[in-house]
Amino acid sequence: MGLTAPDPLTVLAIDAGNSKTDVAVVTAAGEVLATARGGGFRPPAVGVAAALDALAEPVSRAFADAGVTGVTHVSACLANADLPVEEEQLADALHARAWGASVEVRNDTFAILRAGVAEPRGVAVVCGAGINCVGMRPDGRTARFPAIGRISGDWGGGWGLAEEALWHAARAEDGRGRPTLLARTLPAHFGLPSMYALIEALHLEHVDPHRRHELTPVLFATAADGDPVARAIVTRLAEEVTVLATVALTRLDLLDEQTPVLLGGSVLTAGHPQLNDTVRELLSSRAPKADVRVVTASPVLGAALLGLDRLAAGAQAQERVRGHWEAG
């Protein structure tokens, strides 16, 4: 099915995460014609076709509001596009939808990176439910990691931190591990008296297993109160963030150049002093020229900027589209 590119040049920017999707139609001049929000994008759970069917709903609303039936280029930053082969498969599937004359799919971490820099140059470490790191240079070179869990060498992320906290708390309560306040603070979050009660509740699903992610803020609060075990977990996460950033900078030959290192995702943007201060301290010795920044901009801005890069839009267009989201 063919599609004639509209005039003027336009971009469909998509930031599709596990829990929500944001889309926008943007002109090459940086004017945001329409935006829309939809549900999560979860191809591993529902299949690619069903995930794209769900994505079609906010896209259709954005097209209708913008008064277009298609765009010049689709810039899609998608969760679960962890490997280049997955990006290619999703790009083919999106191209078949005929929303745009051309399509580029990237992992959603690239959206956070591009949202935080004035040009496609830098490194981003994102820690939300999981952890990931990407880097890019204007010449098109990128650095990335598979980021699909322990089999690809990953440690960290909100889910992993909750699991780590539970492990230490369980062992503290029964005597196998060091004493830690986590043995009290974790079960108390659910109104339970002990780790044994929490273990039983999670195992029998009296507490929804998906609520485990609620324990990550409890971990940080316990660390802030001075608990040595909780603080050690936070320090380990800071070490992991630093290693990811340093390796990406090295791969891109940016270790010795002034380069933005962006911190994104719910864990790294929550303002935990121990975590972010330790990351900065470690990077100051291992990558002294890293310019560490926390990114709070909407990731769909990054998808839009990547699309404008593809259309060779100028700095004025980039400033205009950035102003739309930063003003909002």
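Here the structure is a predicted model, which means the values were calculated and not measured.

What follows deals with the packing of helix α2 (residues 48-66) against helix α3 (residues 84-96). Contact geometry for α2 and α3: axes closest at 11 Å, N-to-C directions at 55 degrees. What the angle tells us is that α2 and α3 run oblique. α3 is crossed by α2, and the crossing has right-handed handedness. On α3, the residues that touch V48, L52 and L55 of α2 are L90, A93 and L94. Within the contact of α2 with α3, the residues separate by chemical class into 6 nonpolar, no polar and no charged.

So, on to the pairing of strand β2 (residues 20-27). Residues in a regular strand point their side chains to alternate faces of the sheet. Burial analysis of β2 places 7 of its 8 residues in the buried class, which makes it a mostly covered element. When strand β1 (residues 10-16) meets β2, the two strands line up antiparallel, connected through 7 bridges. Its bridge partner lying in β2, A16 is registered against T21. Hairpin connection between β1 and β2: a loop of 3 residues separates the two successive antiparallel strands. Bridge count between β2 and strand β3 (residues 32-39): 7 bridges; the pairing is antiparallel. Across the sheet, residue T21 finds its bridge partner in β3, namely G38.

Further remarks concern the side chain of R121. When you line up the elements, R121 lands in the loop between α4 (109-115) and β6 (122-127). There is a polar contact of 2.8 Å between the side chain of R121 and the side chain of E257. Filtering out sequence-adjacent residues up to four positions away, R121 remains in contact with M136, R137, P138, L254, E257, Q258, T259 and P260.

Attention now goes to the pairing of strand β7 (residues 131-136). Of all 6 residues that make up β7, 6 are buried, and the element is covered over most of its length. Judged from the 6 bridges that link them, β6 and β7 form a sheet pairing that is antiparallel. Bridged to V123 within β7 is G135. In sequence, β6 turns back onto β7 through a hairpin of 3 residues. Examined bridge by bridge, β7 and strand β8 (residues 142-144) share 3 bridges and lie antiparallel to one another. Counterpart to M136 in the pairing with β8 is T142. In this antiparallel pair of consecutive strands, β7 and β8, the connection spans 5 residues, and G140 shows a positive phi of 100 degrees.

This brings us to the environment of G70. Summarising the element assignment, G70 is placed in the loop between α2 and β4 (71-78). Judged by its relative accessible area of 4%, G70 falls in the buried class. A C-alpha to C-alpha distance of 9.9 Å links G70 and V59, two positions 11 residues apart in sequence.

Now for the sheet that holds β6. Within the open sheet, the 5 strands sit side by side as β8-β7-β6-β9-β10. Their pairing is mixed. The sheet is open, and its two edges are formed by β8 and β10 (290-294), each paired on a single side. Neighbouring strand axes in the sheet, compared pairwise and without regard to direction, differ in orientation by 15 degrees on average. Seen against the sheet, helix α10 (residues 273-286) touches β9 (259-264) and β10 and runs at an angle of roughly 170 degrees to β10.

Calculation notes
- Residues numbered from 1 in each chain as written.
- Predicted model: local features only at pLDDT ≥ 70, side-chain atom pairs only at ≥ 80, totals over all residues.
- Heavy atoms only, no water.
- Axes fitted to C-alpha atoms, helices over the stretch in contact; angles between N-to-C directions.
- Helix = DSSP H or I, 4+ residues; strand = E, 2+ residues; numbered from the N terminus.
- Parallel < 35°, antiparallel > 145°, perpendicular 65-115°, else oblique.
- Left-handed = near helix turned anticlockwise from the far one by under 90°.
- Contact = heavy atoms within 4.5 Å.
- Nonpolar A, V, L, I, M, F, W, Y, C, P; charged D, E, K, R; others polar.
- Buried < 20%, exposed > 50% of the residue type's maximum accessible area, 1.4 Å probe, protein only.
- Pairing = 2+ DSSP bridges.
- Polar contact = N/O pair within 3.5 Å; in protein donor to acceptor, adjacent residues only side chain to side chain.

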